[in-house]
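The residues making up each chain are set out below.
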Amino acid sequence: MAKTYQKLRDMLGAEVLGLLMFLVVVVIGFGFASPRFLSAANLGSMAFQLPELGLLTLAMLVPILTGGLNLAITFTANISGLTLAWVLQSNGGVDAPTSAFVIGVIAALAVGTLAGFVMGVVIAYVGAHPILVSLAMMIFLRGLGEFLTHGGDISGFPEYIQPIGHGFFLGIPIPLLILLFAAVGWHLMLSRTRHGFAAYMLGSNIEATRYSGIHTKRTLTLVYTFSGTMCALAGIVMLSRFNSVRVGHGEAYILITVLACFLGGVDPFGGFGRVFPVVMALVILQVLSSGLNLLGANQHLATAVWGLFLIAVMVIRWIWNRFARKQY
């Protein structure tokens, strides 16, 4: 048993193995607590709910790796979704041609990318703190969205966009496939490109990175630009899934994305973290949310549990680090 555990630990890593074991315990626990938990309907529901949160978490991941934060992820996603909605509404609404959808998607991605680019430029070249810059962008995008929509929803889109949010491809939900492709792309960017290496270096020591010849300002700008693009992709998926879009959708997601990153082993001060453990952490949080809902727990209680969970993760990490230091 010990040899098997060691092989799994060497193959997956201690962080992933620990998360996997915890996920198994949680799934078994909820499976016994509610007979509906392991039903095909509930598993399918989780598969459709996970992607929008997953894409926003990927958007949060890379800024944290550099020692920063992007508090504007949900409002960047929403303003991108509003851009797509505006293009579709301007071209016939439910009767909008596919060409309008393509133009709307390009416009949505451009808006999200632009929001990230502006944050990156201010953070990198002005030297303002990422929390302040992203908070300012969040307030700006929220105010702009409320002004344009008068605080209401925009709905009524062509039927051909519904498969993006509700369809299947080879038996797998399309939103989940989008998340998987995005996660693989993020993993390759961080592990196989110079930009990914530079992002890790920035989180470890920005001054040493600058002296090593890496263009730190350009790297920071790209980090927030790519984060904005990922937010836009999340906004497109959310619009397709709900067939509507509004400014305040998913405000609570900010807490969950940060929690998923820290639970997945990302260092809050930057410099360390991987995509796969973060995806595992997302699955755990989705399982906890769905399990609590099936048990009749209030949604506000689930949010409180996530907050306590974040505190517990920090305490356990502190205990583990002290134990590891004593071993050496």
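Residues numbered from 1 in each chain as written. Predicted model: local features only at pLDDT ≥ 70, side-chain atom pairs only at ≥ 80, totals over all residues. Heavy atoms only, no water.

A. Fine view of the overall build of the protein chain. When you go through the protein chain residue by residue, the secondary structure sums to 14 helices and four strands. If you line up the protein chain on its principal axes, its C-alpha atoms span 65 × 60 × 35 Å. The buried share of the protein chain, taken over its 328 residues, is 48%. Counted over contacts in the protein chain with a minimum sequence separation of 6, partners at least 24 positions apart contribute 77%. Here the protein chain has roughly 16,300 Å² of accessible surface; of this, 70% comes from carbon and sulfur atoms. (Helix = DSSP H or I, 4+ residues; strand = E, 2+ residues; numbered from the N terminus. Buried < 20%, exposed > 50% of the residue type's maximum accessible area, 1.4 Å probe, protein only. Contact = heavy atoms within 4.5 Å. Areas by Shrake-Rupley, 256 points an atom, 1.4 Å probe, with all protein chains shown as cover.)

B. Spatial organisation of helix α9 (residues 194–204). Within α9 the residues assigned to the buried category are H195, G196, A198, A199, L202 and G203. One side of α9 carries all its buried residues, which in axial view fall inside an arc of 160 degrees. For α9, the exposed residues lying more than 90 degrees away from the buried face are R194 and S204. Where α9 is buried, its residues contact α3 (40–65), α8 (174–192), α10 (206–211) and α11 (216–242). (Arc of directions from axis to C-beta.)

C. Region of interest: the packing of aromatic side chains. For the structure shown, the criterion picks out three aromatic pairs. Here F48 and F168 contribute two aromatic rings whose centre-to-centre distance is 5.4 Å and whose plane-to-plane angle is 90 degrees, an arrangement assigned as edge-to-face. Placement of F48 in helix α3 and of F168 in strand β2 (residues 168–169) is noted, with a sequence separation of 120 residues between them. Judged by its relative accessible area of 52%, F168 falls in the exposed class. (Phe/Tyr/Trp six-rings, centres within 6.5 Å; stacked < 30°, edge-to-face > 60°.)

D. How the structure looks around the pattern of salt bridges. For the coordinates displayed, the defined rule picks out one salt bridge. As a salt-bridge pair, E52 and R241 come within 2.8 Å of each other at their nearest N and O atoms. Of the two residues, E52 is situated in helix α3 and R241 in helix α11; the sequence distance between them amounts to 189 residues. Just as E52 is buried, R241 falls in that class too. (Salt bridge = Lys/Arg side-chain N within 4 Å of Asp/Glu carboxyl O.)

E. Representation of the nonpolar core within the structure. Ranked by internal contacts, the top residues of the largest apolar core, which has 90 residues, are L58, L61 and L285. Top element by residues in this core is α3. It accounts for 13 residues. Residues in contact with L58, not counting those within four places in the same chain, are L179, A182, A183, W186, M230 and V275. (Core = buried A, V, L, I, M, F, W, Y, C linked by side-chain atoms within 4.5 Å.)

F. Quick peek at a nonpolar patch on the surface. Together, L308, I311, M314, V315, W318 and I319 make up a nonpolar patch on the protein surface, roughly 620 Å² of accessible area in all. With respect to the helices, strands and loops of the structure, L308 is situated in helix α14 (residues 299–327). By relative accessible area, L308 is classed as exposed at 58%. (Patch = residues over 30% accessible without salt bridge, like charges linked within 9 Å, V, L, I, M, F, W, Y side chains within 5 Å.)

G. Quick look at the packing of α3 against α11. Remark: α3 packs on α11, axes separated minimally by 8 Å, with the N-to-C direction vectors making an angle of 170 degrees. As judged from the angle between their axes, α3 and α11 are roughly antiparallel. On the side of α3, the interface is formed by F48, Q49, E52, L55, L56, L58, A59, V62 and P63, while α11 contributes V223, Y224, S227, M230, C231, L233, A234, V237, M238, R241 and F242. Of the residues assigned to the contact of α3 with α11, the class counts are 16 nonpolar, two polar and two charged. (Axes fitted to C-alpha atoms, helices over the stretch in contact; angles between N-to-C directions. Parallel < 35°, antiparallel > 145°, perpendicular 65-115°, else oblique. Nonpolar A, V, L, I, M, F, W, Y, C, P; charged D, E, K, R; others polar.)

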